[in-house]
Amino acid sequence: QNLILKRFAKVFEQVYIRFLDLQKAEALSREALIEGALERVRAKTMAMHGSKDVGIAIVSLFTELERMGIENIRCGIAAFDNSDTMEVWSITNVDNEKTVKAAGSLGINAHKLWRLLYEAWAKKLSFLDYYLTGNEKQDYIDVLNNSGNYLSQPIHDLPDMNFQSYQFNEGSIWTFSIEPHTEQQRLLMDRFTAVFSQTFIRYQDLMK
């Protein structure tokens, strides 16, 4: 019986070595996919010729996150000049995946969610998570629709969503998703945020 067990153990050792090799190969393959996605966002950044091109970079970010398995209903960037207003670019998939793009200045105190976003950035929190539902969600939709020329078309309804933001020096990347981001997705979002910070620096240079 000991001899038989030793033979089985030897075979299983080979199986486990193969398992470890596959793990390493999968990790390398995923890292290559991540670097490819980050490079495409960088490329859109470097191709910017004016402030309006920030919207194109936002679409690129939205697309690459989906390719990496991070599905968001809304995604955007907020830049803070003071504690009263923020400059926002966003993209939303609603009504059978129809895309709604938006850009403009919004009042930070117009909704609780935006105040929380600003405070997370001011306190340099690496991550903010908030569940938007009920009356707060409807108020949020109403505020968006009544914000001057911000939306390209009205948003009629949104599902209950997890609001998550990732801060960098000049602002925040924020997302809305049905499921909260996992720890692995948060780490990936941190990497995208670092790259997108370069986008905003590029934007500021173009504005100057």
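Now for a description of the structure that goes with this document. (Residues numbered from 1 in each chain as written. Predicted model: local features only at pLDDT ≥ 70, side-chain atom pairs only at ≥ 80, totals over all residues. Heavy atoms only, no water.)

**Let's talk about the overall build of the chain**
Alright, step 1. What the chain contains, in helices and strands, is 5 helices and 6 strands.
Alright, step 2. Ordered by position in the sequence, the α and β elements of the chain form the string α-α-β-β-β-α-β-α-β-β-α.
Alright, step 3. Relative to the 2.2 N^0.38 estimate, which gives 17 Å for 208 residues, the radius of gyration of the chain is 21 Å and therefore markedly larger than a compact globule would have.
Alright, step 4. Referenced to the eigenvectors of the C-alpha coordinate spread, the extents of the chain come out at roughly 80 × 40 × 35 Å.
Alright, step 5. Counting only residues that meet the buried cut, the chain has 41% of its 208 residues in that class. (Helix = DSSP H or I, 4+ residues; strand = E, 2+ residues; numbered from the N terminus. Rg over C-alpha atoms; globule rule 2.2 N^0.38 Å. Buried < 20%, exposed > 50% of the residue type's maximum accessible area, 1.4 Å probe, protein only.)

**A look at the nonpolar core**
Alright, step 1. Residues Phe-80, Met-86, Tyr-140, Phe-163 and Phe-176 are the most contacted members of the largest nonpolar core, which totals 30 residues.
Alright, step 2. Excluding residues within four positions of it along the chain, Tyr-140 makes contact with Arg-74, His-111, Leu-113, Trp-114, Leu-132, Leu-158 and Phe-176.
Alright, step 3. Core analysis: the second largest hydrophobic core is formed by 29 residues, Val-41, Ile-70, Ile-77 and Phe-200 among them. (Core = buried A, V, L, I, M, F, W, Y, C linked by side-chain atoms within 4.5 Å. Contact = heavy atoms within 4.5 Å.)

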